[in-house]
Amino acid sequence: VIVVLIVIVIIAVVLGLTLRQNKMVLFQHFFICCFCIFRCTTDCQKVWDAFEQAYVNKDPCKVAVEAYDPLIVAAPFKPQCNRMIFWSKTKDVVHGFTEKRDCFVTLEDTLLGSVLDGLTWCGKEGSKGTFTTGCPGWSKCKNNPVLSFWRRISAAFADVACGNVTAMLSGSIDTPFNSTSIFASIEVVRFQASRIKSLNVVMVLQSNCTDSSLNNLRQSLDTGITYSCKDVHESRIQECGAKPEIACGACW
Ligand code: N1C
């Protein structure tokens, strides 16, 4: 037993040092481990390869949204009818709630979304590496590996949306439904009436269901999808998060 323990400690130390020395390796290991923990049946190497090919050996300002198509094929989204929640400028409120109650699924609760949320990565022309520093910021160029990734997986998530779909928007900004947001420009336009019954907007942070930008949302919706909007006070969201006896459908 002692010998086995010593061997495990040595392996852990060597692995730890290697990972610390090499951020790229750390990134890959983190990614693959997360995939494996998340879904043991996923072929992690296959998913990692599909992810890498999108940006490796490329100018980090020239990564098109379509570069991630093979990644979606390798790790497709499963439809979760009546449970999917979209958001714009309300990430913290949404996740504050979804962390406590198992009512809704956000993109960050899926395999790809959870593993890459909050991370930065890019490649370099003439290099096989993945870099986590020195990557172009969003203001520098639109076709960067991180933004193209979110644009591609947001589209794939919206493509499988079905049943009654929820969207949490912020009433405390000038334009709750902003045409430049990923929600407006990529997700809403992909909602299909053949799959989706209703889009139910939950307006948080300030009442604003009467805002004129929501007319644009109604107009963007595929004919046949019912629209509704409800102003919901923060205290109600917190109450629902704290009281599992309140049914998901009765939260708002
Ligand atoms: O541009 P947004 O919001 O309207 O995008 C949000 C919308 C959600 O419905 C999600 O399904 O698009 C999806 N999405 C994410 O899940 C996500 N996680 C992290 C889009 N973007 C996501 N991010 C990062 O936040 C990413 O860096 C992206 O550009 C921002 C967009 O957030 P936003 O402007 O509040």
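Below: a short report on this structure. What you see is a predicted model, and the numbers here were worked out from it, not measured in a lab. (Residues numbered from 1 in each chain as written. Predicted model: local features only at pLDDT ≥ 70, side-chain atom pairs only at ≥ 80, totals over all residues. Heavy atoms only, no water.)

## Describing the overall build of the protein chain
No. 1: Of regular secondary structure, the protein chain possesses 10 helices and 4 strands.
No. 2: Moving toward the C terminus, one meets the helices and strands of the protein chain in the order α-α-α-α-β-α-α-α-β-α-β-α-β-α.
No. 3: With 252 residues in all, the protein chain has 46% of them scored as buried.
No. 4: Taking contacts inside the protein chain between residues at least 6 apart in sequence as the whole, the part at least 24 apart equals 72%.
No. 5: For the protein chain, the accessible area works out to roughly 13,200 Å², and carbon and sulfur atoms hold 56% of it. (Helix = DSSP H or I, 4+ residues; strand = E, 2+ residues; numbered from the N terminus. Buried < 20%, exposed > 50% of the residue type's maximum accessible area, 1.4 Å probe, protein only. Contact = heavy atoms within 4.5 Å. Areas by Shrake-Rupley, 256 points an atom, 1.4 Å probe, with all protein chains shown as cover.)

## Some details on the site of the ligand
No. 1: Around the ligand, a shell composed of 15 residues is seen, among which Ser88, Lys89, Glu108, Trp138 and Glu187 lie nearest.
No. 2: With respect to the ligand, the backbone of Trp87 contributes an N or O atom lying 2.8 Å from an oxygen atom.
No. 3: Contact with the protein chains removes 87% of the 590 Å² of surface that the ligand exposes when unbound.
No. 4: Those elements that place two or more of their residues in the shell around the ligand are strand S1 (85-88), helix H7 (145-159) and helix H8 (182-187).
No. 5: A class-by-class count of the residues in the shell around the ligand yields 7 nonpolar, 3 polar and 5 charged. (Near = heavy atom within 4 Å. Polar contact = N/O pair within 3.5 Å; in protein donor to acceptor, adjacent residues only side chain to side chain. Nonpolar A, V, L, I, M, F, W, Y, C, P; charged D, E, K, R; others polar.)

## As for a nonpolar patch on the surface
No. 1: The grouping of Val1, Val4, Leu5 and Ile8 at the surface amounts to a nonpolar patch, some 430 Å² of accessible area in total.
No. 2: Topologically, Val4 is positioned in helix H1 (residues 2-21). (Patch = residues over 30% accessible without salt bridge, like charges linked within 9 Å, V, L, I, M, F, W, Y side chains within 5 Å. Salt bridge = Lys/Arg side-chain N within 4 Å of Asp/Glu carboxyl O.)

## A closer look at the pairing of strand S3 (residues 196-204)
No. 1: Counting buried residues in S3 gives 7 out of 9 residues, a clear majority hidden from the surface.
No. 2: Relative to S3, strand S2 (residues 163-170) runs parallel, the two sharing 8 bridges. Looking across to S3, one finds that Ser170 is bridged to Val204.
No. 3: As defined by bridge partners, S3 adjoins strand S4 (residues 226-231) across 6 bridges and the pair is classed as parallel. If you follow Leu199 over to S4, its bridge partner there is Tyr227.
No. 4: In this fold, S3 hands off to helix H9 (residues 213-220), which returns the chain to S4; that crossover is right-handed. (Pairing = 2+ DSSP bridges. Right-handed = clockwise from strand over helix to strand, strands pointing away.)

## Examining the sheet that holds S4
No. 1: Strand order in the open sheet formed by 4 strands is S1-S2-S3-S4, with parallel pairing between adjacent strands. In this open sheet, the two strands that pair with only one neighbour each are S1 and S4. In this sheet, adjacent strand axes meet at a mean angle of 20° when their direction is disregarded.
No. 2: Docked against the sheet, H9 engages S2, S3 and S4, running at close to 155° with respect to S4. (Axes fitted to C-alpha atoms, helices over the stretch in contact; angles between N-to-C directions.)

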